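Structural overview
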Amino acid sequence: MSGLVLEGISKSFNGVSAVDHVDLAVPNGTFVCMLGPSGCGKTTLLRTIAGLEEPTSGRILIDGADITAVPAHKRNFGMVFQSLALFPHLNVGENIAYPLRIRSVGRAERVKRAEELLALVDLRGYADRPVARLSGGQRQRVAIARALALSPKLFLLDEPLSALDAKLREAMQVELRKLQQRLGITTIVVTHDQREAMTMADLVVVMGQGRIQQAASPVEIYRKPVNAFVADFIGSTNLIAVQGSGQGVTAPGGTIPGVVLAPGQTSATLSVRPEDIHLVPVGEAPLTGTISFIRDLGASIETFVDAGGTQIVAVASPRDRAEFRVGDTVGLRLAPESCRVLAS
Ligand code: ATP
């Protein structure tokens, strides 16, 4: 396959597993976000791809060639770390041209290339600025430009935006995605922010306990999570324990028609997004509960419903603001196609 392939990559530190048998195929030009809770092995996997960690076992292939034993500086990958690691004593242009200088590219060529890279990250005219006089977002761009100086085969970023405030971070997510699309460069970003991953990625890789839990497009990860860990980590979801066989299943607050378990399966967990659950007058749906709390967020209203001891969150439209009150008994309507059956 052309692109990056990880084959059975594992990494242990003193016998303790950080990355556990990771297989992944990334076609050229893909934007990948690796996502997962703290300690799940994201950074270790990224550093292994970069050549900064040696895998305990497994192989790394680029366009079919095994690069597992190639040292980091010979892989021609661009990297941006959370710390950015800019050189404080060099100005912006010198920072960006540094990778060219250590490869003995001549001065005129370096200056020309630095100008191009500055234009690429929207920092034209900043070459002579000391890096100390840049804002957080501008430093970010300098680090990105420097990492792209050698037209790398792979662009690897570890939590690149986490030091920025929320507004700037969202703007940079869009910029980074646009830049990647313009260059067509295969990019892997480590993040713990699921919104960030959903904004930027073609391929979201959800990691948990050193393993890939699911690797799929953002929409598929959201609509078709393969297990409760992914369902719960991406967005918010209701995990409802159900029993049944044949047509329909029984939940603590009643029945859910139309949901069918696999042959031989008698219990399961349903993952249902709050926006897929609709409150209706009691009697209009076979699943019922009592409203225990209402969180009015202005643009939407989250209602917390106690259905036979299970808390179910449903999102109501602000138009229905006057319809339901805490203490009301309500029906909960769930479309079977929005219920994702997970193995329990
Ligand atoms: P975070 O989001 O907190 O950065 P992460 O998902 O990137 O977490 P890693 O940094 O890859 O996780 O760490 C995975 C596991 O490997 C953790 O248990 C960590 O303590 C361990 N680990 C990582 N690097 C080393 C190291 N150099 N020596 C020993 N253990 C390490």
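A quick note: this is a predicted structure, and the numbers were derived from the prediction, not measured.

1. Notes on the confidence of the model for the chain
- With 99% of its residues at a pLDDT of at least 70, the chain reaches an overall mean of 91.
- Interface scoring of the predicted complex returns ipTM 0.94; its pTM is 0.87.

2. Considerations on the domain arrangement of the chain
- Each domain of the chain was delimited in the assignment, giving domain 1 (3-232) and domain 2 (236-343).
- On a C-alpha basis, the centres of domain 1 and domain 2 stand 39 Å from each other.
- Considering only residue class, the side of domain 1 that touches domain 2 consists of 3 nonpolar, 1 polar and 2 charged.

3. Here we look at the sheet that holds strand E9 (residues 203-208)
- Spatially, the 6 strands line up as an open sheet ordered E6-E7-E8-E3-E9-E10, and their pairing is mixed. Only two strands of the sheet have a single partner each, and these edge strands are strand E6 (77-80) and strand E10 (211-216). Geometrically, the sheet is characterised by an average inter-axis angle of 15 degrees between neighbouring strands, direction not taken into account.
- Across 4 bridges, E6 lies against strand E7 (residues 154-158) in parallel orientation. If you follow Val-80 over to E7, its bridge partner there is Leu-157.

4. Focus on the nonpolar core
- Within the largest apolar cluster, 65 residues are counted, with the highest numbers of intra-cluster contacts made by Cys-33, Met-34 and Val-205.
- The contacts of Val-205, once residues within four sequence positions are left out, are Leu-24, Val-32, Cys-33, Met-34, Leu-35, Ile-212 and Ala-215.
- Residues Val-242, Ala-268, Leu-334 and Cys-339 belong to the second largest nonpolar core, which totals 23 residues.

5. A word on the site of the ligand
- Lining the immediate environment of the ligand, one finds Phe-13, Ala-18, Gly-36, Ser-38, Gly-39, Cys-40, Gly-41, Lys-42, Thr-43, Thr-44 and His-192.
- Of all the elements, helix H1 (residues 42-50) adds the most residues to the shell around the ligand, at 3 residues.
- For the shell around the ligand, the per-class residue count stands at 3 nonpolar, 7 polar and 1 charged.

6. Re the sheet that holds strand E15 (residues 277-281)
- Reading across the sheet, the 5 strands line up as E15-E19-E16-E17-E18 and stay open at both edges, with antiparallel pairing between neighbours. Of all the strands in the sheet, the pair left with one neighbour each is E15 and strand E18 (310-316). Taking the axes of each pair of neighbouring strands and ignoring which way they run, one obtains an average angle of 45 degrees across the sheet.
- The pairing of strand E17 (residues 301-307) with E18 spans 7 bridges and is classified as antiparallel. What sits directly across from Phe-304, in E18, is Val-313.

7. Quick word on the packing of helix H2 (residues 92-101) against helix H4 (residues 136-147)
- One can describe the packing of H2 onto H4 by two numbers: an axis separation of 7 Å at closest approach and a directional angle of 30 degrees. Classified by the angle between their axes, H2 and H4 sit roughly parallel to one another. In this structure, H2 crosses over H4, and the sense of that crossing is right-handed. Taking contact as the criterion, the partners of Val-92, Asn-95, Ile-96, Tyr-98 and Pro-99 in H2 are, on H4, Val-142, Ala-145 and Arg-146.
- Tallied by class, the residues present in the contact of H2 with H4 amount to 6 nonpolar, 1 polar and 1 charged.

8. Focus: the UniProt feature "domain: ABC transporter" (unreviewed entry) in the chain
- Per the UniProt record, "domain: ABC transporter" (unreviewed entry) is annotated on residues 4-234.
- End C-alpha to end C-alpha, residues 4-234 measures 25 Å, and it is 35% helix and 27% strand.

9. Concerning unusual backbone geometry
- Even without being glycine, Asp-63 reaches a positive phi, approximately 45 degrees.
- You can see Asp-63 is positioned in the loop between strand E4 (57-62) and strand E5 (65-66).
- Looking at Asp-63, the number of C-beta atoms within 10 Å reads 12, which means it is exposed.
- Located in the positive-phi region is Ser-151, a residue other than glycine, with phi close to 45 degrees.
- Relative to the elements of secondary structure, Ser-151 occurs in the loop between H4 and E7.

10. As for the pairing of E17
- Two elements, strand E16 (residues 288-296) and E17, share 6 bridges in a ladder whose sense is antiparallel. The partner of Ile-291 across the bridge, within E17, is Val-305.
- Between E16 and E17, which pair antiparallel one after the other, the connecting turn spans 4 residues, and Gly-298 there sits at a positive phi close to 90 degrees.
- Hairpin connection of E17 to E18: 2 residues between the antiparallel strands, including Gly-308 at a positive phi of 60 degrees.

11. Side note on the environment of Gln-213
- Turning to its location among the elements, Gln-213 is positioned in strand E10.
- On the neighbour-count criterion, Gln-213 (20 C-beta atoms within 10 Å) is buried.
- Linking Gln-213 and Phe-229, residues 16 residues apart in sequence, is a C-alpha distance of 7.9 Å.
- Contacts of Gln-213, omitting those with residues within four sequence positions, involve Val-206, Met-207, Gly-208, Asn-227, Phe-229 and Val-230.

12. Some details on H1
- In terms of residue burial, H1 counts as a mostly covered element, since 8 of its 9 residues are buried.
- Taken residue by residue, H1 has Lys-42, Thr-43, Thr-44, Leu-45, Leu-46, Arg-47, Thr-48 and Ile-49 as its buried positions.
- Just downstream of H1 lies Gly-51, where phi reads positive at about 95 degrees.

What counts and what doesn't
- Residues numbered from 1 in each chain as written.
- Predicted model: local features only at pLDDT ≥ 70, side-chain atom pairs only at ≥ 80, totals over all residues.
- pLDDT = per-residue confidence, 0-100.
- Domains from an automatic or database assignment.
- Nonpolar A, V, L, I, M, F, W, Y, C, P; charged D, E, K, R; others polar.
- Pairing = 2+ DSSP bridges.
- Helix = DSSP H or I, 4+ residues; strand = E, 2+ residues; numbered from the N terminus.
- Axes fitted to C-alpha atoms, helices over the stretch in contact; angles between N-to-C directions.
- Core = buried A, V, L, I, M, F, W, Y, C linked by C-beta atoms within 7 Å.
- Buried ≥ 20, exposed ≤ 12 C-beta atoms within 10 Å, placed from the backbone.
- Contact = placed C-beta atoms within 7 Å.
- Near = placed C-beta within 6 Å.
- Parallel < 35°, antiparallel > 145°, perpendicular 65-115°, else oblique.
- Left-handed = near helix turned anticlockwise from the far one by under 90°.
- UniProt positions renumbered as here; feature names shortened; annotations may be inferred.

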